[in-house]
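# A structural walkthrough
The chain contents come next:
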There are 2 protein chains.
Amino acid sequence: MGKKVVAIGVDIGGINSAIGIIDQTGALLKESGISTKAYPYYEDYPAYIAALSSAIKEALASLEGDYEVAGIGIGAPNANYRKGRIERPANLWKANIDKDGTAREPAEGWCFELCHDLGEYFPELKHIILTNDADAATIGELMFGAGKGCSDFVMVTLGTGLGSGFVANGELITGHDGFAGELGHSIVVNGGRECGCGKRGCLECYVSATGIKRTAFEMMATLRGESPLRNISYNDFDSAMISKAAAAGDRVALETFRVTGEVLGCALANVVTICSPEKFVIFGGLAKAGELLFAPTRESFEANLTPIYKGKIKIEPSAITNRNIAILGAASLVWRAIDK
Amino acid sequence: MGKKVVAIGVDIGGINSAIGIIDQTGALLKESGISTKAYPYYEDYPAYIAALSSAIKEALASLEGDYEVAGIGIGAPNANYRKGRIERPANLWKANIDKDGTAREPAEGWCFELCHDLGEYFPELKHIILTNDADAATIGELMFGAGKGCSDFVMVTLGTGLGSGFVANGELITGHDGFAGELGHSIVVNGGRECGCGKRGCLECYVSATGIKRTAFEMMATLRGESPLRNISYNDFDSAMISKAAAAGDRVALETFRVTGEVLGCALANVVTICSPEKFVIFGGLAKAGELLFAPTRESFEANLTPIYKGKIKIEPSAITNRNIAILGAASLVWRAIDK
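This report concerns the structure included in the present document. Counting from 1, residues in each chain are numbered in the order their sequence is written. All chains are assigned letters beginning at A, and all ligands numbers beginning at 1, according to the order in which they are written. Only residues with pLDDT of 70 or above have their local features reported here, since the model is predicted, and side-chain atom pairs are shown and tallied only from 80 upward, although totals for entire chains, interfaces and linings are computed over all residues. Excluded from the side-chain calculation are hydrogens and water; included are all heavy atoms of the structure.

## Things to note about the relation of the copies chain A and chain B
Superposition of the copies was done by least squares, using only C-alpha atoms of residues whose pLDDT is at least 70 in both. Mapping chain A onto chain B calls for a rotation angle of 180 degrees and an axial translation of 0.0 Å; the resulting RMSD is 0.0 Å. The two molecules are tied by a two-fold rotation axis, judged by turn and shift. When the interface residues of chain A are mapped onto chain B, 100% of them are again interface residues, pointing to one common binding face. In what follows, a contact means two residues having at least one pair of non-hydrogen atoms within 4.5 Å.

Structural data, given as structure tokens:
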């Protein structure tokens, strides 16, 4: 019997980096992870790469039987697929600030050469491939999820930021420079909230784990009346607390979801005018809030659609409820590279 | 020597319908046209079809030599490629109002079965094909214009309304229902200007021949000081008057272009977050204003781009300065159908 061939999938998020070992049938053989948040500064990046490599090696060592590693596929924010690097990430290493709080910009222009740097720990691997985290999730969804057999759909991932992937004519849109699918940075409020990208009013400042938290604080300022959320400081606050309070009927929390859905629904209606998809698949932590988020999103979506599109387009949660889809998508980059 | 094979290209605009006879090399053998505006009401639509058919037959009759007609390709607003009909057009026949001013909606749901109805006049033709006017122009641009050899670009046509066509991975995005590319109906101002589509704040209410006229009237209200534009009534006003006044240094006109470019630039920057094109090609009457429009558009575009995209994407006028591109694109629908 030949060796089992496996691929490593890595999903780098603002808080955690998830690691999975996947076989060619898409089965997840082993899952692991490290903190991304523990390495916040530019100077910490080499230590992050070392920790990530160790975690991958440990996961592989714990695999039973004989195996061969085909490669590593990585999904990350602001990833440039063509160059194999992360460029100017808004929510990862603070490349423009060092630990003393001094603002600076590295000479090489805020780039993190992930494929190269990880390659130094895995010189034996032929395939180390990086792509946008949302694109990886979209490929995963296309192969194993709600996008199966669908030639026109849009994936929206709600994590620390808002990621997106667009499939048209059955193919992922990568764009001229490999940077397509950054819907989180479309401007929805002129002169609105400050975004990590340097602009103001970007969609992800309103619709993401961070965005909904900001809206909750705006709602506490706008509305009167008691709310358990008023006892929590901004730094101690996370978006799951809003879901919990909303489930208990808290008005601030319910209004926060309503406003979030309103903004998301309008943004998705605008996307329809460009690519007219069959469906939107919503994925990520915030999607777990279910109808609290989906009901106001659908209402605003329909209200903002031009008549020709009304009542035709679905907004649905991903059928896969954990982060595995991102890992599967990342690993599938390796399988696709081998197939070529 | 065999018969020459020709195709008819028709570009239906809110004011005129342009007709062209095209050969397989893309050469325009004959050009003609009729008024669309002369048939404003739902009841006038059959007369419009009769007039269009006569004009096509006249143009064909004037052709010298022996020829064979391969088919008719038509570009029109709100065209459904798959169904061969125009659905709920905002700027063509006022389907919901009859000549007495009574509001009504036809039972068949505001649809104009163009391919079928034109087919009654041309029963011998196998190919009568309809597509979105902007999609037709995009195909024309892809085959003969600025989109040649470009796998990711966006076409924006500025006519009575604002049309658009999106090419990604070398293919026109048609969307799930054939209705992709209606960027003119993306919402840019919440609760903004009333649009013919029934919504408010759509891009084409600000950026189009009609949109810039509305902005000029807003600017006359906002600004003080003399302007020749103040002598013209809304109904007598057309967008070319703004270009003329701006060229003479009129402040109202210049400010009108600045605001128009600001809105367009921001909208195009948002498009980039979805499909990250190599370039935008701007086409249509308003594009003839040149740098009056392009300079403020580029400025706003760059200011609203997320850093990863800055300085990389071109906004350029179509290399083809008349409406022929739309006719060529429409006719090329026939050549593509024959090739299949």
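## Thoughts on the interface of chain A and chain B
Opposite the 41 residues of chain A that make contact, chain B presents 41 residues. When two parts are put together, the accessible area they lose, computed with a 1.4 Å probe and summed over both, is reported as buried area. Interface area for chain A against chain B, summed over the two sides, is near 3600 Å², with a carbon-plus-sulfur share of 55%. Of all residues in chain A, His176(A), Ile274(A) and Ile308(A) bury the most surface against chain B, accounting for 19% of the area lost on that side. Note on definitions: salt bridges are taken to be side-chain nitrogens of Lys or Arg within 4 Å of carboxyl oxygens of Asp or Glu. A salt bridge links Asp177(B) to Lys312(A), with the shortest nitrogen-to-oxygen separation between them at 3.1 Å. Residues adjacent in sequence count toward polar contacts only when both atoms are side-chain atoms; beyond that, a polar contact is any pair of N or O atoms within 3.5 Å, and within protein one must be able to donate a hydrogen and the other to accept it. Counting across the chain A and chain B interface gives 24 residue pairs in polar contact (both at pLDDT 80 or more). Segments assigned H or I by DSSP are reported as helices when at least four residues long, segments assigned E as strands when at least two residues long, and all are numbered from the N terminus. Breaking the side of chain A that touches chain B down by element, the ones donating at least two residues are strand S10 (162-168), strand S11 (171-172) and helix H6 (251-275) of chain A. The leading source of residues in the side of chain A that touches chain B is H6(A), at six residues. Polar here means any residue other than Ala, Val, Leu, Ile, Met, Phe, Trp, Tyr, Cys and Pro, which are nonpolar, and Asp, Glu, Lys and Arg, which are charged; Gly is therefore polar. Split by residue class, the side of chain A that touches chain B holds 18 nonpolar, 14 polar and nine charged.

## Some points on the pairing of strand S12 (residues 279-283) of chain B
Residues and elements named next belong to chain B. Burial runs high along S12: five of the five residues are buried. Burial along S12 is two-sided: Lys279, Val281 and Phe283 facing one way and Phe280 and Ile282 facing the other are all buried. As paired strands, strand S9 (residues 153-158) and S12 are joined by five bridges and run parallel to one another. Considered in S12, the bridge of Thr157 is made with Phe283. Here four bridges tie S12 to strand S13 (residues 314-317), and the two strands are oriented parallel to one another. Bridge pairing links Val281 to Glu316 in S13. Taking the sense of rotation as the criterion, the β-α-β connection linking S12, helix H7 (residues 291-304) and S13 turns out right-handed. Any residue under 20% of the maximum accessible area for its type is buried, any over 50% is exposed, and the rest in between are partly exposed; the area is computed with a 1.4 Å probe on protein chains only. When DSSP finds at least two bridges between two strands, those strands are taken to pair. A clockwise course of the path from the first strand over the helix to the second, judged with the strands pointing away from the viewer, identifies a crossover as right-handed.

## Observations regarding the state of the cysteines
As used here, a disulfide is simply a covalent bond connecting the sulfur atoms of two cysteines. Criterion for a disulfide: a pair of cysteine sulfur atoms at a distance within 2.5 Å. This model, assessed by the stated rule, comprises zero disulfides over all chains. A disulfide-free cysteine, Cys205(A) has its sulfur positioned 3.8 Å from the sulfur of Cys195(A), the nearest such atom. For Cys205(A), a relative accessible area of 3% corresponds to the buried category. Between Cys266(A), a cysteine without a disulfide, and Cys202(B), which holds the nearest cysteine sulfur, the sulfur-to-sulfur distance is 9.8 Å. Accessibility expressed as a relative area gives 13% for Cys266(A), which makes it buried.

## Looking at the side chain of Ser332(A)
All names here are of chain A. Note on placement: Ser332 falls in helix H8 (residues 324-339). You can call Ser332 buried: its relative accessible area is 1%. Of the polar contacts made by the side chain of Ser332, one reaches the backbone oxygen of Gly329; its length is 2.7 Å.

## Comments concerning the environment of Ala90(B)
All names here are of chain B. Locating Ala90 in the fold gives a position in the loop between strand S6 (85-87) and strand S7 (111-112). Of the residues examined, Ala90 reaches a relative accessible area of 26% and is grouped as partly exposed. Each C-alpha atom of the pair Ala90 and Pro77 lies 8.2 Å from the other, and the pair is 13 residues apart in sequence. The contacts of Ala90, once residues within four sequence positions are left out, are Asn78, Gly196 and Cys197.

All we've got here are geometric facts, nothing functional implied.
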